[in-house]
Amino acid sequence: MFSAIMTIFAIALEEQICQALGGSQLSQILSIGISIFICSLAVVLFSKTVEITINSFVAIFAKANLAKARREEVEIVFDKIMPKMIENQESLEIFIDDYMRDLKNTNNMSFQELQTALNNSNYTQANQSIINLAEKFGIDDLFKTRKEFDDFMFSNENLKI
């Protein structure tokens, strides 16, 4: 099909060139040579275009196959890791729920102890319940005795928690 198109194009081009050059014997020879040259150039360009197109398609298919292989690798890793991640997430949620419930219970008990101690004017027990509450929050360097508190109050130190 390409050959038929090029032949028709060559004949039409040859006639146009011949008419442009004046129609003499020399213009016919020149028009044949020029049309052959132009058609040859067109064939070469067309074949290069086809070659580039084919190479592009091959590269696209190679990248698509590579992407498919990578996707399969990711799916395999995902299938191996995801169940464990879901299990870990569930365990973490249970741990957080338990921790928060324990913390709330401890806080409630500590505040109840404090209130009972203050109602009974038992300041030693009140102090101990505050210390227990602070230790639950990870603060363990509060005053352990009344003397430590009094010494701090008479010093110029800042309170460090």
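Residues numbered from 1 in each chain as written. Predicted model: local features only at pLDDT ≥ 70, side-chain atom pairs only at ≥ 80, totals over all residues. Heavy atoms only, no water.

Trainee: Any chance you could explain the side chain of Ser31 here in plain terms?
Mentor: Here Ser31 is to be found in helix H2 (residues 25–119). For Ser31, a relative accessible area of 1% puts it in the buried group. From its side chain, Ser31 meets the backbone oxygen of Gln28 in a polar contact 2.7 Å long. Not counting residues up to four positions away in its chain, the partners in contact with Ser31 are Glu14, Ile17 and Cys18. (Helix = DSSP H or I, 4+ residues; strand = E, 2+ residues; numbered from the N terminus. Buried < 20%, exposed > 50% of the residue type's maximum accessible area, 1.4 Å probe, protein only. Polar contact = N/O pair within 3.5 Å; in protein donor to acceptor, adjacent residues only side chain to side chain. Contact = heavy atoms within 4.5 Å.)

Trainee: What am I meant to see in the side chain of Ser35 here?
Mentor: Along the polypeptide, Ser35 turns up in helix H2. Ignoring sequence-local partners within four residues, the contact set of Ser35 consists of Ala10, Leu13, Glu14 and Ile17.

Trainee: Help me out: how do you make sense of the pattern of salt bridges in this one?
Mentor: For side chains of opposite charge, pairing can occur when their charged atoms come near one another. Counting across every chain of the model gives five salt bridges. Its salt-bridge partner being Lys84, residue Glu87 comes within 3.7 Å of it at the nearest N-O pair. In this pair, Glu87 and Lys84 are both assigned in helix H2, three residues apart and thus about one turn of the helix distant. Across the pair Asp98 and Arg101 runs a salt bridge, and its minimum N-O distance is 2.5 Å. Of this pair, Asp98 and Arg101 both sit in helix H2, separated by three residues, roughly a single helical turn. (Salt bridge = Lys/Arg side-chain N within 4 Å of Asp/Glu carboxyl O.)

Trainee: When you look at the environment of Phe152 in this model, what are you seeing that I'm missing?
Mentor: For Phe152, the position within the fold is in helix H4 (residues 146–154). Taking C-alpha positions, Phe152 is 106 Å from Phe9, a pair spaced 143 residues apart along the chain.

Trainee: Can you walk me through the packing of aromatic side chains in this structure?
Mentor: The geometry of an aromatic ring pair comes down to the distance between the two centres and the angle between the two planes. Going through the model one piece at a time under the given rule, you end up with one aromatic pair. With a centroid separation of 6.3 Å and 20 degrees between ring planes, the pair formed by Phe95 and Tyr99 is classed as stacked. Of the two residues, Phe95 and Tyr99 both sit in helix H2, four residues apart, roughly one turn of that helix. For Phe95, a relative accessible area of 53% puts it in the exposed group. A relative accessible area of 42% means that Tyr99 is categorised as partly exposed. (Phe/Tyr/Trp six-rings, centres within 6.5 Å; stacked < 30°, edge-to-face > 60°.)

Trainee: Help me understand the layout of surface pockets, please; the structure alone is not making it clear to me.
Mentor: Estimates place the volume of the largest pocket at around 340 Å³. Lining the largest pocket are 13 residues, and of these Tyr123, Asn127, Thr145, Arg146 and Phe149 lie nearest its centre. Those elements giving two or more residues to the lining of the largest pocket turn out to be helix H3 (123–136) and H4. Of the residues in the lining of the largest pocket, the class split is seven nonpolar, four polar and two charged. (1 Å grid on protein atoms, 1.4 Å probe; cavity = no way out; pocket = protein on both sides within 12 Å on 5 of 7 lines; lining within 4 Å. Points joined across faces, edges and corners; volume = space filled by probe spheres on them. Nonpolar A, V, L, I, M, F, W, Y, C, P; charged D, E, K, R; others polar.)

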